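What follows is the residue order along each chain.
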Amino acid sequence: MKGVLLGLLCAMQLASTAPLLAQARRFPINDDESRVTPYTLPDPLARSGGGRITTADEWRRERRPELLALFEREIYGRSPPRPEGMWFETTSLDTRAYGGRATRKQVRVHFLAGRSEPYMDVLLYVPNARRGKVPAFLALTYGNHTITADTGVAISPHFLRDNPLPDSAGGRAPRGAQASRWVIDTIIARGYALAAVYLGDLDPDSKNGVADGIRPWYMARGQRELRPDDWAALASWGWGLSRALDYLERDPDVDAKRVALVGHSRTGKASLWAGARDPRFAMIIANESGMGGAKLSRRNYGQTVIDINDAFPYWFARNFRKYDDRERELPVDQHELIALIAPRPVYVAAAMEDQWADPRGMFLAAKGAESVYRLLGARSTLPDSMPGVHQPTLDGPLGFHLRTGVHDVTEYDWTQFLAFADRHLRR
Ligand code: GTR
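Residues numbered from 1 in each chain as written. Predicted model: local features only at pLDDT ≥ 70, side-chain atom pairs only at ≥ 80, totals over all residues. Heavy atoms only, no water.

*Asks:* Help me understand the overall build of the protein in this model?
*Replies:* Counting its regular elements, the protein contains 13 helices and nine strands. For a compact globule of 427 residues, the expected C-alpha radius of gyration is about 22 Å, and the protein comes in at 20 Å, within 12% of that figure. Seen along its three principal axes, the alpha-carbon backbone of the protein occupies a region of about 55 × 50 × 45 Å. Within the protein, counting contacts between residues at least 6 apart in sequence, those at least 24 apart form 71% of the total. With the model as given, the accessible surface of the protein reaches about 16800 Å², and the carbon-plus-sulfur share is 51%. (Helix = DSSP H or I, 4+ residues; strand = E, 2+ residues; numbered from the N terminus. Rg over C-alpha atoms; globule rule 2.2 N^0.38 Å. Contact = heavy atoms within 4.5 Å. Areas by Shrake-Rupley, 256 points an atom, 1.4 Å probe, with all protein chains shown as cover.)

Quick look at the structure:
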C-alpha cells in the first residue's frame, strides 16, 4: 500500500480510535498517562567516557559527532556523502503560476555524472513579488502533483510506478489531493518559496521497495543486501532533502542559508534526521513526527519501537530492531536528535487526537534538548510543563504547539510555522 492511501488510512484510523489505541494493536500500546513507567533520559552533555561537556567547542568537536554516529549506527543508518558529479536540469519554467503571483520551476536532480538515472525532481514555487533572494520551505511529498491543483506540475514517473493508476484522470491520487495540507498561496504571499520532492523519487515507501529506490545505486561492489547499519528509507528521504538543498544553493532566487525543512509524520521524522545531519538547514519543523521523530522512545505512551519496526521494517536501519521492547537500552533518545540541530530553531507540533504520536513525549524531547541550546547560547522559551491547546511557543529557538484535531497538517499548523519562520528566518 502506498504513501497517500496509507497516510489517509492511518489518519482515519487514528481519528476514530484515539482513546482505544491499545485494543486494535498487535503489540500492547499504552495511552494512559498514569501507566507511563518512570525512565531516565540519557544526558546529551554527558561524555560517553565520563565527565561533562561544558563548552560549545567541546560540544561541536566531541559530543555532537559522537551522538550523530550513534543515531546513524543504531537508528537511521549511514548515508553516502554528497555525490560527486551531480547535475541539474531545469525541465520547466513558468513565470505565471498561481495567477501570476509565483514562478514555478521544476528541476531534475541527477545524482550520477554523465547519466540520467537515478534522479529526483524538485518542484519550486518562488514568489514573483520578491526583492532579492527569498527564504524557503523545503518538504517531502506523496506526489508533487498532489499538493496543488496547478496542472503544470509533472507527475513523477516514480509515482506512476508506485501507484499504478486505473485511469489517466489521476486515479487514486489526483492533482491537489493533499492541497489542504499546503497553503501555497499564503506561503507565496508571505514572501517564501516552497520546494517539494516526491519521497518515492528516493524510496517508494513500501516493504519490498528498496530495489526501486536510490539505495542500490550506492551499494558497494558485490554487496547484495543492506548491512545492519546501512541507511533505511527515512535516511534516504533525508539524504534527498540535502540534495534538494544542493540544488537550492545554485538557484538564483532562493536564499539557501534560510531554508526551513517542514515535514509531517514520517516526513517529519526524515526532516529531523536531515536537519541533524546537515547543518546547512536553517530551521526544522516537525509536525506530529511521533516515534522515530520528536517523540521520546523511552516513554511508553503511543507508538513504540517494536510497533514501528513491525509495521515499517524498512524505515530504520536493521540495528534498530535490537531495541524492540528494549527502549531503555538505546544509547540515545530523541531529545538528543533535536539537540543535534542546536542552536538552529526547531518547531515541534502535536495534535490532541494524535495520541499515537505522543504529544507530551514530543514536548519533553524538546525540553530535553534545552541544555544543549543553552550551552550554545540560545535560550529556550518553552514553558516548564506541557502547554494547553493553542498556546504556541514561537519566540525562542525551540517552538511547540498542541492543537485540537487529528493527525494532519492544517491551516492552524501553518499559521504557527509561518510565524515561527518570520521570527527566525527574516532578516
Ligand atoms: C503511521 C506510523 C506513524 C506515522 C504515520 C504517518 O502508520 O505508525 O509513526 O509515521 O504512519 O507517517 O502518517
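*Asks:* Mind showing me how you'd approach the site of the ligand here?
*Replies:* Taken together, the neighbourhood of the ligand is formed by ten residues, with Ser265, Arg266, Lys269, Gln303 and Trp356 sitting nearest. In the model, an oxygen atom of the ligand is placed 2.8 Å from a nitrogen or oxygen of the Ser265 side chain. Taking Arg266, its side chain carries an N or O atom lying 2.6 Å from an oxygen atom of the ligand. Protein contact buries 92% of the 320 Å² of open area that the ligand shows by itself. (Near = heavy atom within 4 Å. Polar contact = N/O pair within 3.5 Å; in protein donor to acceptor, adjacent residues only side chain to side chain.)

*Asks:* In this structure, what is going on with the layout of surface pockets? I would like to understand it.
*Replies:* Rolled over the atoms, a probe with the dimensions of a water molecule shows which regions are left empty. Its boundaries defined by the atoms lining it, the second largest pocket holds a volume of some 240 Å³. In terms of lining residues, the second largest pocket is bounded by 14 residues, among which Leu226, Pro313, Tyr314, Phe316 and Arg318 are the most central. Considering only residue class, the lining of the second largest pocket consists of eight nonpolar, no polar and six charged. (1 Å grid on protein atoms, 1.4 Å probe; cavity = no way out; pocket = protein on both sides within 12 Å on 5 of 7 lines; lining within 4 Å. Points joined across faces, edges and corners; volume = space filled by probe spheres on them. Nonpolar A, V, L, I, M, F, W, Y, C, P; charged D, E, K, R; others polar.)

*Asks:* I keep staring at the packing of helix α7 (residues 233-248) against helix α8 (residues 266-277) and nothing clicks. Help me out?
*Replies:* In a pair of packed helices, the angle between the axes and the distance between the axes together describe the arrangement. The interhelical angle for the contact between α7 and α8, taken along N-to-C directions, is 60°, at an axis separation of 8 Å. The orientation of α7 relative to α8 falls into the category oblique. The interaxial crossing formed by α7 with α8 has right-handed handedness. Mapping the contact onto sequence places Leu234, Ala235, Trp237, Gly238, Trp239 and Leu241 in α7 and Arg266, Lys269, Ala270, Ser271, Trp273, Ala274 and Arg277 in α8. Residue classes in the contact of α7 with α8 are distributed as eight nonpolar, two polar and three charged. (Axes fitted to C-alpha atoms, helices over the stretch in contact; angles between N-to-C directions. Parallel < 35°, antiparallel > 145°, perpendicular 65-115°, else oblique. Left-handed = near helix turned anticlockwise from the far one by under 90°.)

*Asks:* Can you help me understand unusual backbone geometry in this one?
*Replies:* Looking along the chain, the bond that leaves Glu117 and enters Pro118 is cis, with omega of -10°. Along the chain, the position of Pro118 falls in the loop between β2 (102-110) and β3 (119-127). In this structure, the amide linkage connecting Ala342 to the following residue, Pro343, adopts the cis form with an omega of 0°. With respect to the element layout, Pro343 can be found in the loop between α10 (334-339) and β8 (346-351).

*Asks:* In this structure, what is going on with the packing of aromatic side chains? I would like to understand it.
*Replies:* How two aromatic rings sit relative to each other is given by the distance of their centres and the angle of their planes. This structure, assessed with the given rule, holds 21 aromatic pairs. The interplanar angle of 40° and the centroid separation of 4.9 Å between the aromatic rings of Phe137 and Tyr192 together place this pair among those described as tilted. Separated by 55 residues along the polypeptide, Phe137 in strand β4 (residues 134-141) and Tyr192 in the loop between α6 (184-189) and β5 (193-198) bring together distant segments of the chain. Members of the aromatic cluster, joined through ring pairs, are Phe71, Tyr76, Trp273, Phe316, Phe320 and Tyr323. Directly above the aromatic system of Tyr119 lies the positively charged group of Arg108, at a separation of 3.8 Å from the ring centroid. Over the aromatic face of Trp239 sits the side chain of Arg243, whose NZ or CZ is 5.0 Å from the ring centroid. (Phe/Tyr/Trp six-rings, centres within 6.5 Å; stacked < 30°, edge-to-face > 60°. Lys NZ or Arg CZ within 6 Å of the ring centre and 35° of its normal.)

*Asks:* Mind showing me how you'd approach the pairing of β4 here?
*Replies:* Successive residues of a regular strand alternate their side chains across the two faces of the sheet. Among the eight residues in β4, eight count as buried, and that is most of the element. Across six bridges, the pairing between β4 and β5 is parallel. Bridge assignment links Thr141 to a residue of β5, and that residue is Tyr198. (Buried < 20%, exposed > 50% of the residue type's maximum accessible area, 1.4 Å probe, protein only. Pairing = 2+ DSSP bridges.)

*Asks:* Sorry if this is basic, but what is going on with the sheet that holds strand β1 (residues 87-96) here?
*Replies:* Taken in spatial order, the nine strands of this open sheet run β1-β2-β3-β5-β4-β6-β7-β8-β9, and their pairing is mixed. The two strands at the open ends of the sheet, each matched to only one other strand, are β1 and β9 (398-403). Each neighbouring strand pair of the sheet contributes to a mean axis angle of 20°, computed without reference to strand direction. Pairing between β3 and β5: four bridges, direction antiparallel. Residue pairing across strands places Tyr125 opposite Leu194, the latter belonging to β5. Running at roughly 140° to strand β6 (residues 254-264), α8 makes contact with β4, β6, β7 (283-287) and β8 of the sheet.

*Asks:* I'm lost on empty space enclosed by the protein in this one. Help?
*Replies:* Following the criterion strictly, the structure yields three cavities of 30 Å³ or more and no others. Leu140, Trp182, His264, Thr267 and Val409 are the residues nearest the centre of the largest cavity, which is lined by 15 residues in total. Among the elements of the structure, β4, β6 and α13 (411-425) are those that each provide at least two residues to the lining of the largest cavity. Partitioned by chemical class, the residues of the lining of the largest cavity number eight nonpolar, six polar and one charged.

*Asks:* I tried to follow α13 on my own but got confused; where do I start?
*Replies:* Note on helix geometry: an α-helix contains 3.6 residues per turn, so any two residues three or four positions apart are oriented the same way. With 15 residues, α13 ought to run about 21 Å at 1.5 Å a step, and its terminal C-alpha atoms sit 20 Å apart, in line with that. All of the buried residues along α13 are Asp413, Trp414, Gln416, Phe417, Leu418, Ala419, Phe420, Ala421 and Leu425. Contacts from the buried residues of α13 go to β4, α6, β6, β7, β8 and β9. (Expected span 1.5 Å × (residues − 1).)

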